[in-house]
Amino acid sequence: MLFIPGTGGIDDDSFRVWDSGRKDLKLSTTFKTVANRLPILRDTLRTCRDHFESVESSLPADAAQGLVKTIKSCESKAKKLDAIFAETIPGEDEQWYERYYKVTQRLGKGSKVEELMKAMTEDVQNLVNYHAVKSASPELCNKLEEIVKEMDTLEPSLPMENDARNNFHSDGGEMYIHTGSGVLKVNKSSGYIGEYSGSGNPTFQFGPILSGRTDFTGTYAHSALRPVATYVPRPELEQRLQAQIAASEDSWQGNETRTVVIWGLGGAGKAQLALRYVQKHQQQYQAVFWIEAGRKETIERDYMQIYKQIRKPLYPSVSNDHATIPVEDAIAGVKSWLQGQEKRCLWVMDSADEVEDDTSELYVDLNHYLPEASRLDRIVTTRSSRVQGISSQGAIEVNEMTEPEAVDLFRRCAHLLPQSEHEEQEVVKMVKEIVNELGCLALAVTLAGSYVREDPEMSSNLGLYLSEFQQRRAQLLSQKPHRLVHQYGESVLSTWEISLSRVQRQSPVAAQLLNVLAFLNFDDIFLDLFVERPTFPEPQRPRWIRMLSSHAPTVTHDSIKSAFKTLSAYSFVSWRGDQQAYSIHKLVHAWGHDRLSVEQGRAWSLAVLELLSIMIHDHQGDLNIERRLVPHVTANFVAVLLVCEEGYHVCAEDRDGLRWAAELLHRLGRWNDEYGVRVSLREVMEATLGIEHPDTLTSMNNLALVLSEQGKYAEAEEMYRQTLELEKTVLGHGHPSTLTSMNNLATVLSDQGKYEQAEEMHGQTLKLRKKVLGLEHPNALTSMYNLATVLSRQSKHEEAMALRT
């Protein structure tokens, strides 16, 4: 027993059965692999137990019951593994396989060791990823995910049965012939033969290949061939897919292979769209084949299973002319069968993502694995935008959902029930805030809804989730969906990390460029941003160039364009033809800087600040460029604030960058945005240089000016007076900066209707400027004009006229 009932404790007996078993047994590789992975689950479950016991009393009743249910499910599978080990390992070597077969038949469907191990591991994944248990770590999650994937790629520990996972429809039954050294399995309706030779993995053999059954009908899929229960229709995408495939028999034109590629960011809902099409239209096809195309091993596994189904002998007889079938022969056999069909078939290759880097061990040659046939429809789902080139009918990009679709999906996943009219309005408002925070990305919305469903308090107060998400975004997005419910094994973040690792292998510059994009705005990322100007000699080249070139010999504008193409190929960025610029999904953009350490975030945000300050400097007066820069400047400023905590020393170059940003915002009249930059700049100057430094005093004067532009005259007056007193002490009464502050103070007094005080201050400023600069200096003339204006406002027209003449 792995679990002590009622406590979640762990008993090592089942592990000891394996450890103490006979070492000379020549068990199958699959059997051994399963047994060798059990210690990982043992250690993980112990950790879960410790965490769960410490928080069990504080959990909501529903959540605790859910965890206990998962534990009991795991316990049930552990009992079956105990029985298999206990009954299989003892006894004579040549009889182990027969004993194994008998115990699995007694335990029922799904009792092969690899099936139990996979299901048990998925239970453990749900335990370690539950937020209250806090047992997950990236390394542990990766290990568990590797086990699940490994179980999928192992050879079956028993001959393939006609189980529900493969969804093939066939008549007749099966009989098993016990030969003493193994089991010979014959399908009475098809004549399929598989036999075990006594040691190692069972070797499946087939009799002579006969012509395929022309009346074959059915579907093949390694997992459930249906959309998730919470699927929300996406009418526009569904209609486009149906129109491009031309599903009805009447619209079929010619003998040709018709291909549609569905591509987009991981977690956007590509597979669900394809599953929806299969669900609605599978009756129009003679056969439907769903291939898991994420790895060569799963593609070849699926080809072998399909081959076994479509190349059955016509009569149920056992032939002595056995021949082991290599994978390549199975692939050729399936392709040949498809070419001979007179009725239409559908071939779906899901998650064909490893198609970019042909030097990688994981590379999948899509051209090799995609069959061609005259009556064949093909759907390929992928994260790679480059695959759309094979689409004969046009590719379909799956982006974020519409807001109503995302709201509907969240409500279904969260099990939110209709409320009274007033409460319903509040719920809809809050759900809209949540899905927009998630960028309406299908997987992220699904996980958020499921998370809320597990927490009764959040279900009744959705604002709690929004608050928690904003504080713990990375942790919540790293939650994995429950495979049974969502048919998807990756979290949002792990999906993107996998794609980014592929980008890193192909183009280190592209992977680093994603760090740059994280500190710009997520929209209107135009290529002219990345032109190196001016051309600095090393090591004075801009920091962002130096940081990119640390991973490449040189970085040029052409290499930047190439890096963008790589990011686009993996759907991290999208080209917007209307803007002639790239954009990046809001959630990917947030993940881009969430994944960096504080030190990395600080370095990249300040490097991007320098990039922007150079752009501002070189494009002064170009209103089109300046306006496009504003969203990037404001986004970068927020990022800089987050990483440059109190006490961090901001160097002169970065203070200049903030100053350039503030001046851009001032020229464009973006007073509110400018105010935030000016406040920070003043704080940085004071902390770095001291309150009496001339640059600090200038920053105070500029902050007062922004307050005045905002109409906050009283605050502006206070800031001007504070600045003026410091300037008189530090710089002297006649210093130009002092005189400027006097003039500005007089102006803000006038704006408040304090004309007498303004008249006095303008008079003092004029007197000092005449003395220091001369009567005809422009600044002296400005003071005369300002004084005349104040006099006019007090109806002192003769005095005002005298000054003006």
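Residues numbered from 1 in each chain as written. Predicted model: local features only at pLDDT ≥ 70, side-chain atom pairs only at ≥ 80, totals over all residues. Heavy atoms only, no water.

Per an unreviewed UniProt entry, the chain carries the name Kinesin light chain and comes from Lithohypha guttulata.

Asker: Tell me about unusual backbone geometry, and please be specific about residues and values.
Answerer: Phi at Asp524 takes a positive value of approximately 55 degrees, unusual for a residue other than glycine. Examined against the element boundaries, Asp524 turns out to sit in the loop between helix H20 (508–517) and helix H21 (543–549). In this model, Ser795 sits at a positive phi of 65 degrees, which is unusual for a non-glycine residue. Within the secondary structure, Ser795 sits in the loop between helix H32 (778–793) and helix H33 (797–804). Given the relative accessible area of 54%, Ser795 is considered exposed. (Helix = DSSP H or I, 4+ residues; strand = E, 2+ residues; numbered from the N terminus. Buried < 20%, exposed > 50% of the residue type's maximum accessible area, 1.4 Å probe, protein only.)

Asker: How would you explain the pattern of salt bridges if you had to name every residue and give the values?
Answerer: On inspection of all chains with the given rule, the structure shows 24 salt bridges. Across the pair Lys754 and Glu717 runs a salt bridge whose closest N-O atoms are separated by 3.0 Å. With Lys754 in the loop between helix H30 (736–751) and helix H31 (755–772) and Glu717 in helix H29 (residues 713–730), this residue pair connects regions lying 37 residues apart in the sequence. Overall, Lys754 belongs to the partly exposed group, its relative accessible area being 29%. Taken together, the salt bridges that share partners define one network made up of Glu238, Arg276 and Lys280. (Salt bridge = Lys/Arg side-chain N within 4 Å of Asp/Glu carboxyl O.)

Asker: Quick rundown of the UniProt feature "repeat: TPR" (unreviewed entry) in the chain? Include the residues and the values.
Answerer: According to UniProt, the feature "repeat: TPR" (unreviewed entry) maps to residues 697–730 in the numbering used here. Secondary structure over residues 697–730 splits into 91% helix and 0% strand, and the C-alpha atoms at its two ends are 10 Å apart. (UniProt positions renumbered as here; feature names shortened; annotations may be inferred.)

Asker: Describe the pairing of strand E15 (residues 581–584), naming the residues involved and giving the relevant values.
Answerer: A two-sided burial pattern is seen for E15, the buried positions comprising Ala581 and Ser583 on one face and Tyr582 and Ile584 on the other. Relative to E15, strand E14 (residues 573–576) is paired through four bridges, and the arrangement is antiparallel. Looking across to E15, one finds that Val573 is bridged to Ile584. Two successive antiparallel strands, E14 and E15, enclose a turn made up of four residues, where Gln580 displays a positive phi of approximately 55 degrees. (Pairing = 2+ DSSP bridges.)

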